[in-house]
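# Architecture at a glance
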Amino acid sequence: MNVASLADKSIVTRADFFAPSLGKRLAYVAVFVYLVYAAATLGLSLDRIEKGVGYGVRFLAGFFPPNFTETDIIPGLLESLQIAFLSSLIGTALAIPIAVLAARNLMPVWVSWLARLLIIFCRSFHPVIVAIIAVKAVGFGALAGIIALTFASIGFVGKLLSEAIEEISKKQIEAVRATGASFMNVIAYGVVPQVMNRFIGFVAYETDSNLRNSTMVGVVGAGGIGGTLFSAFQRFDYNFVAGIILCIIGLVMIGEVLQIYVKRVFR
Amino acid sequence: MSTLSIKHLVKEYVPGKPVLKDISLDIEGRGITAIIGPSGTGKSTLIRCVNRLINPTAGEILFEGQDLAKLSGQPLREARRRIGMVFQEYNLVERLTVMENVLSGRLGYMNAWAAWRRKFDEADIQKAFALLKRVGLADFANRRADELSGGQRQRVGIARAVMQSPGLLLADEPTSSLDPKTSVEIMEVMRDLAAENNIPVMINIHQVDLGKRFAQRVIGMSGGLVVYDGTPDGLDSDILKKIYGGQDWLAT
Amino acid sequence: MTSASLEMQRWIRFTPLQRLARFAVFFVMAAAVAWALKTIEIIPEFLYDAPEQVVDMGSRMWPIDWEHFWPAVWPALVETMHMSAMATILGLMMGIPVGFLAAGNATPFLWVNLIAKFILVATRSISTLIWALFFVAMFGPGPLAGALAIAFHSIGFIGKMFSEAVEESNRGSIEALQAAGATRMQQIIMGYWPQVLPTFWSVALFRWDINVRESAVLGLVGAGGIGMALNAAIDLIQWQRVALILLTIFIVVILIETIVTQIRKKVI
Ligand SMILES: Nc1ncnc2c1ncn2[C@@H]1O[C@H](COP(=O)(O)OP(=O)(O)OP(=O)(O)O)[C@@H](O)[C@H]1O
Ligand SMILES: [Mg+2]
């Protein structure tokens, strides 16, 4: 902030000066009051925190040493991987055409609205909620997990990809169209090169997120390591819980490293 | 028979307010036809109507025995293959290589699967190399289009248009984003390539001197109408006044 | 010159190395999917049965039990909103410092960066439901456990976004501060913070939007909010109530997304 701008401000009348910042300040106060109120509804009390922290310390102590030796840890992890791979693949495969249909710069209004509605629907429900419904529909097991995460993938990739398509340069498309290229060729040469990088980013993030969520849907019976983790928790077998959690973290980290490599290859 | 024959062309973006009011033109043989006129008079609209990036409201556009104004779908795409277009802002696909951009001139002749896998005809690839060499970019084949300068990009744009083996070349202010020297070079490349390949050129241009220098025929537009159609030599200050209006600007 | 121009030129889009790398990626992906398809345990009968089950479920959801809204769903919804707001604030409070610690330019100690990065991956890898299991065990069932669960899970995302923004920030203004003898804390507050402020707003809004969705499921493990109502309705096989709750979630999520988009347009 330099002297000139300060001097400028001093000429402004008091009313002008206070009007905008007063509203802003009121907004801050309102947010603050709300937060205090919301915190109060959570039932926070010193006594509770003290007890909780005590339990927490006991918990952490119970984690050591982590137990990796149980036999059902590997099958569980593998099933999570299966769920993650298949849901990412199916979800992305379905998301691509839906995203193209949802892009307002490529499609008539009514088509894009229908596709967007589908995307919004897929995005609105947390994978675990979809998993609950899927378990009711197809029974316990990995299939329910795949269905749940496929829904989530369609929502996520579909939304971001359709937005990316809507942001591309119209001029480049126009030039390809002017060569007499068919719709599919316009997509291949006008649209795909412009969105490819971002698309790879979305799919990488999606796979990462599916990997993490595939360890969770098991809690409601939709397959993967989550079920094992949940039952270990209920048995108070905290060493095993710690083992599973460390394995999950390891898996996600490996995924993250692979992601960097894949992004570099396709840059 | 003329190559391109525009008859009573009308274009209204907003109903009742025509931008092009009854344009009739014949482009014959080869050589460059320059279209000049003030900003907003509908030059781009006219050129874009020809390859139907814009749909005309009324009139005929006869090209190679067909009325382009009536085409749609596959026949329209087939007609577009025969019309090359050079854009003011080059409109290269920036993330593709120079070679891919040039070869994309062949997309109208390929199915999607072959296009996707970059399975271009060997003959097309050789032609693309020759064209790149011709426009002075022999060493740039594998560079990405967004690494090029404006002048280089426009050369690629011209190569892409010629790659289509067009029967007509359209250019919408191909030099407006370039410096004066590069502009002349680009005009030369376009003139020579068009002459070598026997392609008539229809070009929108703001620099009257460039238009006079390279064109064999100049069409002056004003208010959506053709107000001058003749040789470059005939463009005297009276006519320029008629096209652009006023006269103060002529003094400088 | 002339002989070269007569020679056929070859056009290859990718160098052999690039092609090999691409092939490797595709091969590994295909192999992973093939393995998953081959070994996954899916009972085909269940799959064939699915459409029927879905139709059956749909029919049992109708008519929607509107009566249930004010006595049960509304209070749960309010709790969910409080939970997600608190969780977002807490998540920002914990995630931003970790993000600064993970950024190599703001914190030039490699081991600190690595530890911070590990925290980011770890908090993100442990899903909200699992965090919720912990906090329910620690603090008992209720929204407190839920808010903490979401907050801890958010650390990873928020911190990652921040460390990326910090690493991309302009060095010039930081160097100016260093030259003026600013402490590390002053550099962060006066040099980096103004530069990552836009990130702050967009991350806060984006994460709040996600957290509302997240908080809708925590009730399943007893961590409060509308998920509790959902869980109860499912356990009691009251499909008409389940439908009401799902519809409520749907509408709320759309509303919030609209609000977030509007604010984003104004603020950023
Ligand atoms: N897509 C469109 N929708 C509505 N009006 C348009 C559209 N494109 C152009 N116009 C209008 O049509 C008129 C002619 O535009 P056009 O671009 O053809 O002019 P131009 O002669 O090429 O101008 P310039 O020399 O500046 O390029 C202008 O008044 C413009 O505002
Ligand atoms: Mg124009």
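Residues numbered from 1 in each chain as written. Chains lettered and ligands numbered in written order. Predicted model: local features only at pLDDT ≥ 70, side-chain atom pairs only at ≥ 80, totals over all residues. Heavy atoms only, no water.

### What about the interface of chain B and chain A?
Counting residues at the interface gives 30 residues for chain B and 19 residues for chain A. Here chain B packs against chain A, burying approximately 2100 Å² in sum over the two surfaces, 58% of which is carbon and sulfur. In this assembly, chain B and chain A are joined by two salt bridges. Residue Glu89 of chain B pairs with Lys171 of chain A through a salt bridge whose shortest N-O separation is 2.3 Å. On inspection of chain B and its partner chain A, the count reaches seven residue pairs in polar contact (both at pLDDT 80 or more). Contributions of two or more residues to the side of chain B that touches chain A are made by α2 (73–81), β6 (83–86) and α4 (112–116) of chain B. Residues that form the side of chain B that touches chain A fall into these classes: 13 nonpolar, seven polar and ten charged. (Contact = heavy atoms within 4.5 Å. Buried area = accessible area lost by both parts, 1.4 Å probe. Salt bridge = Lys/Arg side-chain N within 4 Å of Asp/Glu carboxyl O. Polar contact = N/O pair within 3.5 Å; in protein donor to acceptor, adjacent residues only side chain to side chain. Helix = DSSP H or I, 4+ residues; strand = E, 2+ residues; numbered from the N terminus. Nonpolar A, V, L, I, M, F, W, Y, C, P; charged D, E, K, R; others polar.)

### Topic: the pattern of salt bridges
It is possible for side chains bearing opposite charge to pair when their charged atoms get close. Taken as a whole and judged by the stated rule, the model has 29 salt bridges over all chains. Across the pair Lys241 of chain B and Asp238 of chain B runs a salt bridge whose closest N-O atoms are separated by 3.8 Å. Of this pair, Lys241 of chain B and Asp238 of chain B both sit in helix α9 (residues 237–244), three residues apart, which is roughly one turn of that helix. Relative accessible area serves as the criterion here: at 28%, Lys241 of chain B is assigned to the partly exposed category. Looking at Asp238 of chain B, the relative accessible area reads 53%, which means it is exposed. Residues participating in the shared-partner salt-bridge network are Arg123, Lys159 and Glu163 of chain A together with Asp209, Arg213 and Glu257 of chain C. (Buried < 20%, exposed > 50% of the residue type's maximum accessible area, 1.4 Å probe, protein only.)

### Some words on the domain arrangement of chain C
Think of interface size as the accessible area that goes away when the parts come together; that is how it is often given. On domain assignment, one finds that chain C holds domain 1 (10–42) and domain 2 (66–267). Computed over C-alpha atoms only, the centres of domain 1 of chain C and domain 2 of chain C are separated by 35 Å. (Domains from an automatic or database assignment.)

### A short note on the confidence of the model for chain C
Residues and elements named next belong to chain C. Chain-level pLDDT for chain C is 84 on average; 96% of the residues reach the 70-or-more range. Here helix α1 (residues 2–6) stands out as the element of chain C with the lowest mean pLDDT, 42, in contrast to helix α5 (residues 110–125), whose mean of 92 is the highest. When the criterion is pLDDT under 50, residues 1–6 qualifies, and its contacts beyond four places in sequence or with other chains add up to two contacts. Scored as a complex, the prediction yields pTM 0.83 and ipTM 0.89. (pLDDT = per-residue confidence, 0-100.)

### A word on a positive patch on the surface
There is a patch of like positive charges on the surface, built from Arg117 and Lys119 of chain B together with Arg10 and Arg19 of chain C. Inspection of the secondary structure puts Arg10 of chain C in the loop between α1 and α2 (16–39). Overall, Arg10 of chain C belongs to the exposed group, its relative accessible area being 71%. (Patch = residues over 30% accessible without salt bridge, like charges linked within 9 Å, V, L, I, M, F, W, Y side chains within 5 Å. Areas by Shrake-Rupley, 256 points an atom, 1.4 Å probe, with all protein chains shown as cover. Lys, Arg positive; Asp, Glu negative; His and termini not counted. Charge placed at Lys NZ, Arg CZ, Asp CG, Glu CD.)

### Examining helix α3 (residues 44–61) of chain C
Residue and element names in this part refer to chain C. Along its 18 residues, α3 runs 26 Å from first to last C-alpha, staying within 8% of the 26 Å computed at 1.5 Å per residue. The sharpest bend along α3 measures roughly 45° and falls at Ala50, with the proline Pro51 sitting one to four residues further on. Looking only at α3, the buried set comprises Ala50, Met57 and Met61. (Expected span 1.5 Å × (residues − 1). Bend = angle between axes of the 7 residues up to and from the residue.)

### Overview of the pairing of strand β7 (residues 168–172) of chain B
All names here are of chain B. With five of five residues buried, β7 is to be regarded as a mostly interior element. Burial along β7 is two-sided: Leu168, Leu170 and Asp172 and Leu169 and Ala171, pointing in opposite directions, are all buried. For β6 and β7, the ladder comprises four bridges, and the chain directions are parallel. Residue pairing across strands places Met85 opposite Leu170, the latter belonging to β7. In the classification by handedness, the crossover that spans β7, the intervening helix α7 (residues 180–196) and the parallel strand β8 (residues 201–204) is right-handed. (Pairing = 2+ DSSP bridges. Right-handed = clockwise from strand over helix to strand, strands pointing away.)

### Some thoughts on the packing of α5 of chain C against helix α7 (residues 143–168) of chain C
Residues and elements named next belong to chain C. Running from N to C, α5 and α7 cross one another at 140°; their axes reach a closest spacing of 7 Å. When the interaxial angle is binned, α5 and α7 end up oblique. Like other packed secondary-structure pairs, α5 and α7 cross with a definite hand, here left-handed. Contacts between α5 and α7 involve Lys117, Leu120, Thr123 and Arg124 from the former and Phe152, His153, Ile155, Gly156, Phe157, Gly159, Lys160 and Glu167 from the latter. Its residues assigned to classes, the contact of α5 with α7 comprises four nonpolar, four polar and four charged. (Axes fitted to C-alpha atoms, helices over the stretch in contact; angles between N-to-C directions. Parallel < 35°, antiparallel > 145°, perpendicular 65-115°, else oblique. Left-handed = near helix turned anticlockwise from the far one by under 90°.)

### Here's the deal with the interface of chain A and chain C
Contact residues are listed per partner, giving 62 residues for chain A and 63 residues for chain C. Summing both partners gives a buried area of about 5700 Å² for chain A against chain C, and 78% of it is carried by carbon and sulfur. Across the salt bridge formed by Lys159 of chain A and Glu257 of chain C, the nearest N and O atoms sit 3.8 Å from each other. If you look at where chain A meets chain C, you find seven residue pairs in polar contact (both at pLDDT 80 or more). Among the elements that take part in the side of chain A that touches chain C, helix α11 (residues 238–265) of chain A stands out by supplying ten residues, more than any other.

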